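# Inside the fold
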Amino acid sequence: MYLIKTIKKRDPAIRSWPETLLYPGLWAMVFHRPAHFLYKHGLFFLARLISQISRFFTGIEIHPGARIGRGVFIDHGMGVVIGETAVVGNDVLMYHGVTLGATSGEKIQRHPIVGDNVILGAGAIILGAVRIGAGAKIGAGALVLKDVPENGIVMSASGILR
Amino acid sequence: MYLIKTIKKRDPAIRSWPETLLYPGLWAMVFHRPAHFLYKHGLFFLARLISQISRFFTGIEIHPGARIGRGVFIDHGMGVVIGETAVVGNDVLMYHGVTLGATSGEKIQRHPIVGDNVILGAGAIILGAVRIGAGAKIGAGALVLKDVPENGIVMSASGILR
Amino acid sequence: MYLIKTIKKRDPAIRSWPETLLYPGLWAMVFHRPAHFLYKHGLFFLARLISQISRFFTGIEIHPGARIGRGVFIDHGMGVVIGETAVVGNDVLMYHGVTLGATSGEKIQRHPIVGDNVILGAGAIILGAVRIGAGAKIGAGALVLKDVPENGIVMSASGILR
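A quick note: this is a predicted structure, and the numbers were derived from the prediction, not measured.

### Description of the sheet that holds strand β15 (residues 160-161) of chain C
Working definition: the strands of a sheet are paired by backbone hydrogen bonds and lie parallel or antiparallel to each other. The six strands lie next to each other as β3(B)-β6(B)-β9(B)-β12(B)-β14(B)-β15(C), forming an open sheet whose pairing is mixed. If you trace the sheet from one side to the other, it starts and ends with β3 (73-74) of chain B together with β15 of chain C, each paired once. Pairing between strand β14 (residues 153-155) of chain B and β15(C): two bridges, direction antiparallel. Following the sheet pairing, Met155(B) is matched in β15(C) by Ile160(C).

Here it is, written out as structure tokens:
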């Protein structure tokens, strides 16, 4: 499986491929595929049920409506929330606590569109129908409310030493 | 039930009312009511036990001593922590990762007092016995250590594009 | 047990020592000791399995390789992530959402080294092989990418009132 290879390649803490089976980010994808299938066929309640079971076991909440590419690796994963109209490109790497959320309003596209090969640091919060260009890197803890260009780097301010 | 109506009204991702039964924020309230009752009657261990069971199933930790109004909707909810002396007004909407915590010290009121109709964005951290005025909006990721006036808006700094 | 005494002393919300048995931060340590033992003896898969079971029950993810001192109290704990080469000194107090993570690179020491008696506020993110000096206090939500001196205080910027 492509994702298992991705995890093994990307996580320096891993020792053997069976360890990947212990990764919540792998299971979140295993659950999301059928949930998204059911969602597309209008079985919304069943889709949400699978999504919530997945959240219980993995700590990762992906709305069944979200479109997630291949090779998307959610490392650690606890607290990740991905909204209904979010789009996540291929080979995106994201860490725990990432939010792809909405701002208020009644638009059709309410959540971020994340390009291929983007890295989203731990606790990054991206809100609204913004575009994160391919290859961009969003630093840990950064709040993003605007588009980010391809290969752009967004950093959160560091804490201040007193 | 009032909260089911509130959830259905407030979450644009919802399709039918039975879906509300899948919401951790609903179950956190269902668990908190008896926990708070036991706490008020001095059964602290049993109250904490229910609170910790609720945390296990919902990812939301509400100390049994916290006073929570009606129609309080905790969306997504993973990582929310609400402390012992916190007060949350009616119809408050809060997202995952919100902390209503304490700062050090030996005061009786150690946690925030949140007014009616306040919105607390994802990952907002509010510490100490501060007052968040009715109708205030606290942006995602904001750190709040002081009082916020009625209908005040607090925003966290966005990440900086390099 | 030393940690039970520490929890009782440090959490003003606690009423009796049996309550400490409900604390996820206690169980995270109970799981981590055998996981670390197995890791040191090269049983990496089994070590990770215990670590992931602990994460499921506590919401706290500690890599089996991390070296954790005595009396380390992780309060609330949901979303805490501690990496493989992290070192946490004695009597450290940390809150939920704390990350001791890595930055990219192929070094041997990839994660923070945290001194004795440090306090790490809720949601603090510390990345890379930085040293947090003994007695330092890292405020809630702070991002730390550099060394912090002994007894240093690091604060995150508060949200801005509009």
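### Some thoughts on the sheet that holds strand β1 (residues 61-62) of chain A
Residues and elements named next belong to chain A. In spatial order, the strands read β1-β4-β7-β10-β13; together these five strands make up an open sheet with parallel pairing. Sheet topology places β1 and β13 (143-144) at the edges, where each strand pairs with a single neighbour. Here three bridges tie strand β7 (residues 99-101) to strand β10 (residues 125-127), and the two strands are oriented parallel to one another. Of the residues in β10, the one forming a bridge with Gly-101 is Leu-127.

### What to know about the relation of the copies chain C and chain A
For the pair chain C and chain A, the superposition axis carries a translation of 0.0 Å, the fit reaches an RMSD of 0.0 Å, and the rotation angle comes to 120°. Expressed as an axis order, the relation between the two copies is that of a three-fold axis. In terms of proximity to the rotation axis, the leading residue of chain C is Gly79(C), whose C-alpha is 3.7 Å off the axis. Mapped onto chain A, only 14% of the interface residues of chain C are again interface residues, and the two copies thus contact each other with different surfaces.

### So, the pattern of salt bridges
Residues and elements named next belong to chain B. What the rule picks out here adds up to twelve salt bridges over all chains. Taking the shortest distance from any N to any O, the salt bridge between Arg-55 and Glu-61 comes out at 3.3 Å. We classify Arg-55 as buried; its relative accessible area is 3%. According to the relative accessible area criterion, Glu-61 is buried, its value standing at 8%.

### Section: the relation of the copies chain B and chain C
The operation relating chain B to chain C is a screw motion whose rotation component is 120°, with 0.0 Å of axial translation and a residual RMSD of 0.0 Å. Of the interface residues in chain B, just 14% have counterparts in chain C that sit at the interface too, so the contact is made through distinct surfaces.

### A short note on the packing of helix α2 (residues 24-40) of chain A against helix α3 (residues 44-58) of chain A
Residue and element names in this part refer to chain A. Running from N to C, α2 and α3 point in directions that differ by 175°, and their axes come no closer than 8 Å. Looking at the two axes, α2 sits roughly antiparallel to α3. Here Pro-24, Trp-27, Ala-28, Phe-31, Ala-35, Leu-38 and Tyr-39 of α2 come into contact with α3, specifically with Phe-44, Leu-46, Ala-47, Ile-50, Ile-53, Ser-54 and Thr-58. Classifying every residue of the contact of α2 with α3 gives twelve nonpolar, two polar and no charged.

### With respect to a nonpolar patch on the surface
All names here are of chain A. Taken together, Leu-43, Phe-45, Leu-46, Leu-49, Ile-53 and Phe-57 make up a surface patch of nonpolar side chains, about 500 Å² in accessible area. Tracing the sequence through the fold places Leu-46 in helix α3. Overall, Leu-46 belongs to the partly exposed group, its relative accessible area being 43%.

### So, the interface of chain C and chain A
Taken residue by residue, the interface counts 29 residues in chain C and 26 residues in chain A. At the boundary of chain C and chain A, one finds two salt bridges. Between Glu84(C) and Arg15(A) there is a salt bridge, and its shortest N-O distance comes to 2.6 Å. The interface formed by chain C and chain A contains twelve residue pairs in polar contact (both at pLDDT 80 or more). Elements with a contribution of two residues or more to the side of chain C that touches chain A: α3 (44-58), β10 (125-127) and β14 (153-155) of chain C. Counting residues per element, the side of chain C that touches chain A draws most heavily on α3(C), which supplies seven residues. Grouping the constituent residues of the side of chain C that touches chain A by class yields 17 nonpolar, seven polar and five charged.

Quick notes on the rules
Residues numbered from 1 in each chain as written. Chains lettered and ligands numbered in written order. Predicted model: local features only at pLDDT ≥ 70, side-chain atom pairs only at ≥ 80, totals over all residues. Heavy atoms only, no water. Pairing = 2+ DSSP bridges. Helix = DSSP H or I, 4+ residues; strand = E, 2+ residues; numbered from the N terminus. Least-squares fit on C-alpha atoms with pLDDT ≥ 70 in both. Contact = heavy atoms within 4.5 Å. Salt bridge = Lys/Arg side-chain N within 4 Å of Asp/Glu carboxyl O. Buried < 20%, exposed > 50% of the residue type's maximum accessible area, 1.4 Å probe, protein only. Axes fitted to C-alpha atoms, helices over the stretch in contact; angles between N-to-C directions. Parallel < 35°, antiparallel > 145°, perpendicular 65-115°, else oblique. Nonpolar A, V, L, I, M, F, W, Y, C, P; charged D, E, K, R; others polar. Patch = residues over 30% accessible without salt bridge, like charges linked within 9 Å, V, L, I, M, F, W, Y side chains within 5 Å. Areas by Shrake-Rupley, 256 points an atom, 1.4 Å probe, with all protein chains shown as cover. Polar contact = N/O pair within 3.5 Å; in protein donor to acceptor, adjacent residues only side chain to side chain.

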